[in-house]
Amino acid sequence: MTALTSVEPAHEPQETVPCPMCGAHSHEVVLYARDRLFARPGRYRIVSCTHCELRYLCPRPTLDALGAHYPSDYFIYQTPDALPAFTRPMLKMFTELRWRESLMRLEGAIGRLANDIKVVDVGCGMNDYLLALQSLRGIQGVGVDFKSEVASYVRETLHMPVHAGTLADARFEAGSFDLVTMNEYL
């Protein structure tokens, strides 16, 4: 077993951040994780805030380094027409099942979502989650993704509102949303 102090750090520019929930600068390491999807070298620290117990990544990749974790060929960015025709029905079924189960877990924790709530999905990719919320609950949400070509697709092809950039770049007014979601998000 490797001692926690000798775990190899990730090889990319990183930044130390305060707790995203309460702003505290005090945390403890909970576990080390690695990039299982793209097998990037090194380990990442998941920490727990000593004030509010929120768990988050610290240090985390800088915004410039983050792009390497979300390459253009990442499956979440694939448009349906870019996939082989025979796989599209299976992918559609898998996607619907995935988001239906996600919605059931969410509603199990906070109750049924009303169709008039305001939702922002950060790291929306092809907007699958907001499409599911629209289909299953009639919810109209807003997506945010830092890949401009993905945001263009969502805006121009799906005709859904999306901000190209980060949540901070979007400069949404405080209290604008009832629910913020982040799926497949580092």
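Residues numbered from 1 in each chain as written. Predicted model: local features only at pLDDT ≥ 70, side-chain atom pairs only at ≥ 80, totals over all residues. Heavy atoms only, no water.

**Quick word on the confidence of the model for the chain**
The line we're drawing: By definition, pLDDT measures how confident the predictor is in each residue, and it falls between 0 and 100. Secondary structure elements are taken from DSSP: a helix is a run of H or I of four residues or more, a strand is a run of E of two residues or more, and numbering for both begins at the N terminus. Contacts were defined at the residue level, with two residues in contact if any of their heavy atoms lie within 4.5 Å.
Looking at the chain, the pLDDT average stands at 90 and 96% of residues meet or exceed 70. Per-element confidence in the chain is highest for strand β8 (residues 162-164), whose mean pLDDT is 97, and lowest for helix α1 (residues 63-66), whose mean pLDDT is 86. Segment residues 1-5 is flagged for pLDDT under 50; beyond a separation of four residues in sequence, or across chains, it makes two contacts in the model.

**A short note on the sheet that holds strand β3 (residues 44-49)**
Put simply, the rule is: Each pair of strands is called paired provided DSSP finds at least two bridges between the two strands. The convention used is that axes are lines fitted to C-alpha atoms, helices contributing only their stretch in contact, and that angles between N-to-C directions extend from 0 to 180 degrees.
On the basis of which strands lie adjacent, the open sheet formed by three strands has the order β2-β3-β4 and antiparallel pairing. On the outer flanks of this sheet lie β2 (27-33) and β4 (55-57), each paired with one strand and no other. Between one strand axis and the next, the sheet turns through 35° on average, direction left out of account. Relative to β3, β2 is paired through six bridges, and the arrangement is antiparallel. Residue pairing across strands places H27 opposite C49, the latter belonging to β3.

**Thoughts on the packing of aromatic side chains**
Applicable threshold: Planes of paired rings set the category: under 30 degrees apart is stacked, over 60 is edge-to-face and the rest tilted, where pairs are Phe, Tyr or Trp rings (Trp by its six-membered ring) whose centres lie within 6.5 Å. Working definition: with a 1.4 Å probe on protein chains only, accessible area under 20% of the residue-type maximum means buried, over 50% means exposed, and in between means partly exposed. Two conditions define a charge sitting above a ring: the NZ of Lys or the CZ of Arg must be within 6 Å of the ring centre, and it must be within 35 degrees of the ring normal.
This model, assessed by the stated rule, comprises six aromatic pairs. Here F38 and Y74 contribute two aromatic rings whose centre-to-centre distance is 5.6 Å and whose plane-to-plane angle is 70°, an arrangement assigned as edge-to-face. With a gap of 36 residues between them, F38 in the loop between β2 and β3 and Y74 in the loop between α1 and α2 (88-110) connect regions that are remote in the sequence. Since its relative accessible area comes to 30%, F38 is described here as partly exposed. Grouping aromatic residues by their ring pairs yields a cluster made of F38, Y70, Y74, Y77 and F146. Against the face of W99 rests R98, its NZ or CZ located 4.1 Å from the ring centre.

**With respect to the side chain of D35**
The criterion, for reference: Positive: Lys, Arg. Negative: Asp, Glu. His and the chain ends are not part of the count. Every case where a carboxyl oxygen of Asp or Glu lies within 4 Å of a side-chain nitrogen of Lys or Arg is listed as a salt bridge. Whenever two N or O atoms come within 3.5 Å, that pair is a polar contact, provided that in protein one can donate a hydrogen and the other can accept it, and provided that, for residues adjacent in sequence, both atoms are side-chain atoms.
Note that D35 resides in the loop between β2 and β3. Buried and unpaired, D35 has no salt bridge, with R40 as the nearest side chain of opposite charge at 4.4 Å. Within the structure, D35 has its side chain in polar contact with the backbone nitrogen of L37 (distance 3.1 Å). Look past the residues within four positions of D35 in its chain and what remains in contact with it is R40, Y44 and H69.

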